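Chain by chain, the residues:
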Protein chains: 2
Amino acid sequence: MQLTPFVKTESPNPDPKRYPMPFTRLEIAVMSLVDGELQVLLARRAEAPYAGKWALPGGVLRIDLDASLDAAARRVMRERLGLDLPFLRQLCAAGGPTRDPRAPWALSVVYRALVPAETVNPLAGKRIEALAWRRVDDAIADRGLAFDHSTLVSRAVESTRAEVERLDLPVGFLPEQFTLGELQSCCEQLLGRRLDKSSFRRRLADRQLVEPVEGAMRTGANRPAQIYRLRAD
Amino acid sequence: MQLTPFVKTESPNPDPKRYPMPFTRLEIAVMSLVDGELQVLLARRAEAPYAGKWALPGGVLRIDLDASLDAAARRVMRERLGLDLPFLRQLCAAGGPTRDPRAPWALSVVYRALVPAETVNPLAGKRIEALAWRRVDDAIADRGLAFDHSTLVSRAVESTRAEVERLDLPVGFLPEQFTLGELQSCCEQLLGRRLDKSSFRRRLADRQLVEPVEGAMRTGANRPAQIYRLRAD
DNA sequence: GGGGTTAGTTGCACAATTCAACGAAGTGTA
DNA sequence: TACACTTCGTTGAATTGTGCAACTAACCCC
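None of the values given here were measured: they were computed from a predicted structure. (Residues numbered from 1 in each chain as written. Chains lettered and ligands numbered in written order. Predicted model: local features only at pLDDT ≥ 70, side-chain atom pairs only at ≥ 80, totals over all residues. Heavy atoms only, no water.)

(A) Quick peek at the protein's contact with DNA strand D. Taken together, 18 residues surround DNA strand D, and among them Ser198(A), Ala221(A), Lys197(B), Arg223(B) and Gln226(B) come closest. Take Arg201(B): an N or O atom from its side chain is 2.8 Å from a phosphate oxygen of DNA strand D. A distance of 2.7 Å is found between a base oxygen of DNA strand D and a side-chain nitrogen or oxygen belonging to Arg223(B). The set of elements that each furnish at least two residues to the surface near DNA strand D consists of helix 5 (197–207) of chain A together with helix 5 (197–207) and strand 10 (225–230) of chain B. Per-element tally for the surface near DNA strand D: the top contributor is helix 5 of chain A, with four residues. (Near = heavy atom within 4 Å. Polar contact = N/O pair within 3.5 Å; in protein donor to acceptor, adjacent residues only side chain to side chain. Helix = DSSP H or I, 4+ residues; strand = E, 2+ residues; numbered from the N terminus.)

(B) Quick look at the packing of aromatic side chains. Residues and elements named next belong to chain B. Enumeration over the complete set of coordinates arrives at two aromatic pairs over all chains. Aromatic side chains Tyr50 and Phe147 sit 4.7 Å apart centroid to centroid with 55 degrees between the ring planes, which places their arrangement in the tilted category. With Tyr50 in the loop between strand 2 (37–45) and strand 3 (54–55) and Phe147 in the loop between helix 2 (136–141) and helix 3 (149–165), this pair connects stretches of sequence that are 97 residues apart. For Phe147, a relative accessible area of 14% gives the class buried. (Phe/Tyr/Trp six-rings, centres within 6.5 Å; stacked < 30°, edge-to-face > 60°. Buried < 20%, exposed > 50% of the residue type's maximum accessible area, 1.4 Å probe, protein only.)

(C) Geometry of the pairing of strand 6 (residues 106–114) of chain B. Residue and element names in this part refer to chain B. Most of strand 6 sits out of view: nine of its nine residues are buried. Bridge count for strand 1 (residues 23–34) against strand 6 is nine bridges, and the pairing is parallel. Within the sheet, the bridge partner assigned to Thr24 lies in strand 6 and is Leu107. Strand direction decides the pairing type here: strand 5 (residues 89–96) and strand 6, joined by seven bridges, are antiparallel. When the sheet's bridge partners are listed, Gly96 is paired in strand 6 with Ala106. (Pairing = 2+ DSSP bridges.)

(D) Broad picture of unusual backbone geometry. All names here are of chain A. The omega torsion of the bond from Ala48 to Pro49 falls at -5 degrees, within 30 degrees of zero and hence cis. Examined against the element boundaries, Pro49 turns out to sit in the loop between strand 2 (37–45) and strand 3 (54–55). We note that Asp35 has phi near 50 degrees; this positive angle belongs to a residue other than glycine. Mapped onto the secondary structure, Asp35 falls in the loop between strand 1 (23–34) and strand 2. For Gln208, which is not a glycine, the phi torsion comes out positive at approximately 50 degrees. Within the fold, Gln208 resides in the loop between helix 5 and strand 9 (210–218).

Dropping the structure here:
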């Protein structure tokens, strides 16, 4: 273990009150498969800045309310969307002086949620005119999105695709119980290509990610399918 | 118990809500292979809180100096370690009311850097008593680390191992030029298991990640080895 | 009962990875 | 000089994994 002598250049202990701190927000990229396509939930802003523009739903960090970043994201999601969802994942943080005209420096911690499409009824929440599902490719290409949110959507999509590619199941997209056909179709829509049925099932079996629900079958127009659920581990 | 309030610039449509913002810092997990083991660079704190304790080198976000989070991380690295390194990667953000006794709510954005061990010779920086390499397992297990930094180290290690697992090369660990044997050995030390030489080389060739430096050979006690460098892409 | 559709399995060709061995090229030593 | 020893780099066989296609099963509908 190598030690180096203390070299003091100048400044004293940083006093938290001496430095202005960034305007800190949480943004939530709620994604789902709607009409067979990967879509993201956008909110039309009711107020300036970017009034009338579409943005990711989000909100200001409240240090008096939030016990952690994760808790803050859950609170924002509850307030804006009326949802209380698991599978929230922190994606990244973005910060800079030009991100938000309201502040000299704005920092956003971005979370991602995957939900079954039915879960969200596009209805207005606090300070939101409207909610709508939007195809992710459109949202990424749309220069009219508020703030730097089209970049943030792009990052959310990339990381989600990468997860499915290595067969981290996009479990949030499906309800608690599902058939293997539904699971496979969900992955295929995300990746934009077909997967082989036998090897898909082989991999699932090897990794023991799901387990059949005894006796439960999904009936329909054709042969019934075994219903599965996530294995607790 | 009032933290620095969000300072508003003039804005056409003022946000009526003013919230106290979190004490925002950058922490850098500089990792390297020292003596064949994965180690992390820790700094002994010269001042309270946690004076005398070991912590990740870090610093306060300066909205007057930093054009982005990445730039802030580079500045902190320069100030604390006298280094200006590429391969800085944002890992995650952590936040909460009990993370730092100086502030009612502290947020840290954590970055990771991989460096060749030799790089960190000019060890000197602001407000740091000493710098030392520490085995990552020790740092993670050590409850005496300042703040929540042993948790942060743990996350840095996990994500680095996962990257190497999918053959994102830990290029930072090696100097600009290296032999394939050195590269493989570096990955093996990170993963803690031996890799197969032929398939390691085959994957490298397939992905065209490295290219030989014509005519350059590493000579030594045994057969000389071709020297490689990263391919620009 | 027959046609159509989806569920679930099986066999096989092919690709990828692992394991083991080999020759090449240097040093050190008798 | 001969030989042991080490690492480099490649090659081939054995094992494993993947993609493709066929097949059976179970249901609905007509």
